[in-house]
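Below, each chain spelled out in residue letters.
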Amino acid sequence: MIADAAGIPRYAVRRDATAEIGEQLHRQKVDLVIAACWPWRIPAALLEIPRYGWLNLHPSPLPELRGPEPLFWALRLGWTRTAMTLHLMDAEFDHGPIVCQEWFDLPPGERLHSLETLAGQCAATMLPTALSQITSADWRPSPQAAGGSYFPSPRTQDFMLTAEWSVQRAYAFMRAIAEWGIPFTFIAADGQRVQIADAVEYQPHKHLAMPVVEQDGRLALQLCNGVLIGITPD
């Protein structure tokens, strides 16, 4: 582990260990906590301990795409770019004041772990500047804009796509999310439903004689502006 190599202590915590975590934070006199990929709501009693609060790294342009899987939803919505947001945590999920926000690309065809790496690299470039401003007059977190959107953890129906999608959107979404190992359901223009394990390529502006063509374990699917080539589940 990188933390071990650097001599940085690390601890495993339970969800119900608020008192123990609070004691640890007080004992170490923590000024700031940086949270990344943390799935649980932080109790108010813990949020109040660090002098400068808790800084959360969230890969979406908050207030849009609040929730546990923002990259999934950005891809499902057909986004080709998203943002990394550093914000102070409050009692609501992904809701506190924004410290800084930077946009980055979501290259089509990349697996989700690669996109998560891009998000992490973006955060790593933002953190030094943000941290250097904590004690200066430039430290001015801004309240999030009104409105925004929240998306829950993906459900079965969220792995469905239809013939109305563009092939570029379907390809980017499936290529990234396929590593979760959950089959996708494609609903063709004639109502036919087929399952797909992964996308292989797409062919813009091509048209099939039928909505779905299967051959040698591969599926050719007619979408609104081209053909998506995928593979069937084992």
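Heads up: the structure comes first, above all this text.
A. Structural context of the sheet that holds strand β8 (residues 198-204). Ordered by their spatial adjacency, four strands build an open sheet running β8-β11-β10-β9, and the pairing between neighbours is antiparallel. Every other strand in the sheet has two partners, leaving β8 and β9 (212-215) as the edge strands with one partner each. Averaged over all pairs of adjacent strands, the angle between strand axes in this sheet comes to 20 degrees, irrespective of strand direction. Two strands pair when backbone bridges link them, and β8 and strand β11 (residues 226-231) are joined in this way by six bridges, in the antiparallel orientation. By the bridge assignment for β11, Pro 204 is matched with Gly 226. Sheet contacts for helix α6 (residues 167-177): β8, β10 (218-223) and β11; angle to β8, the most-contacted strand, approximately 160 degrees.

B. Local environment of the pairing of β10. Along β10, five of the six residues are buried, which leaves the element largely enclosed by surrounding structure. In terms of strand pairing, β9 meets β10 through four bridges, oriented antiparallel. Looking at the pairing, Val 212 lines up with Leu 221 of β10. Where β9 hands over to β10, the hairpin turn is made up of two residues, of which Asp 216 adopts a positive phi near 55 degrees. Where β10 hands over to β11, the hairpin turn is made up of two residues, counted between the paired strands.

C. Region of interest: the environment of Leu 55. The residue Leu 55 is located in strand β2 (residues 54-58) in this model. Every residue in contact with Leu 55, bar those within four places of it in the chain, is listed here: Leu 32, Val 33, Ile 34, Ala 35, Leu 86, His 87, Leu 88, Val 99, Leu 127 and Leu 131.

D. Representation of the layout of surface pockets within the structure. The computed volume of the largest pocket comes to approximately 1200 Å³. Every residue lining the largest pocket is counted, 31 residues in all, and those nearest its centre are Tyr 11, Val 33, Ile 34, Trp 38 and Trp 54. Counting only elements with at least two residues in the lining of the largest pocket, the list comes to α1 (2-5), α2 (18-28) and β1 (33-36). The biggest single contributor to the lining of the largest pocket is α2, with six residues. Along the lines of polarity and charge, the residues of the lining of the largest pocket split into 23 nonpolar, three polar and five charged. Space inside the second largest pocket adds up to approximately 720 Å³. Cys 37, Trp 38, His 58, Gly 67 and Pro 68 are, among the 32 residues lining the second largest pocket, the residues nearest its centre. For the lining of the second largest pocket, the secondary structure elements donating two or more residues are β1, β2, α4 (70-76), β3 (81-88) and α5 (112-132). Residue contributions to the lining of the second largest pocket peak at five residues, all from α5. Among the residues forming the lining of the second largest pocket, the class breakdown is 21 nonpolar, five polar and six charged.

E. Broad picture of the packing of aromatic side chains. A complete count under the given rule lists 11 aromatic pairs for this structure. Both rings, one in Phe 159 and one in Trp 180, keep their centres 6.2 Å apart while their planes meet at 55 degrees; by these two values the pair is tilted. Remark: Trp 180 occurs in the loop between α6 and β6 (184-187) and Phe 159 occurs in the loop between α5 and β5 (160-162); sequence separation between them is 21 residues. Judged by its relative accessible area of 4%, Phe 159 is buried. By relative accessible area, which is 32% here, Trp 180 ends up partly exposed.

F. Local environment of the sheet that holds β2. What the four strands build is an open sheet, ordered β1-β2-β3-β4; its pairing is mixed. For this open sheet the edge positions go to β1 and β4 (98-105), each flanked by a neighbour on one side alone. Strand after strand, the sheet turns through a mean of 15 degrees between neighbouring axes, direction not considered. One ladder, built from seven bridges, connects β3 with β4; its direction is antiparallel. Residue pairing for β4: Arg 81 is matched across the bridge by Asp 105. The strands that α5 touches are β1, β2, β3 and β4; relative to β4, the one it contacts most, it runs at about 145 degrees.

Reading guide: rules and limits
- Residues numbered from 1 in each chain as written.
- Predicted model: local features only at pLDDT ≥ 70, side-chain atom pairs only at ≥ 80, totals over all residues.
- Heavy atoms only, no water.
- Pairing = 2+ DSSP bridges.
- Helix = DSSP H or I, 4+ residues; strand = E, 2+ residues; numbered from the N terminus.
- Axes fitted to C-alpha atoms, helices over the stretch in contact; angles between N-to-C directions.
- Contact = heavy atoms within 4.5 Å.
- Buried < 20%, exposed > 50% of the residue type's maximum accessible area, 1.4 Å probe, protein only.
- 1 Å grid on protein atoms, 1.4 Å probe; cavity = no way out; pocket = protein on both sides within 12 Å on 5 of 7 lines; lining within 4 Å.
- Points joined across faces, edges and corners; volume = space filled by probe spheres on them.
- Nonpolar A, V, L, I, M, F, W, Y, C, P; charged D, E, K, R; others polar.
- Phe/Tyr/Trp six-rings, centres within 6.5 Å; stacked < 30°, edge-to-face > 60°.

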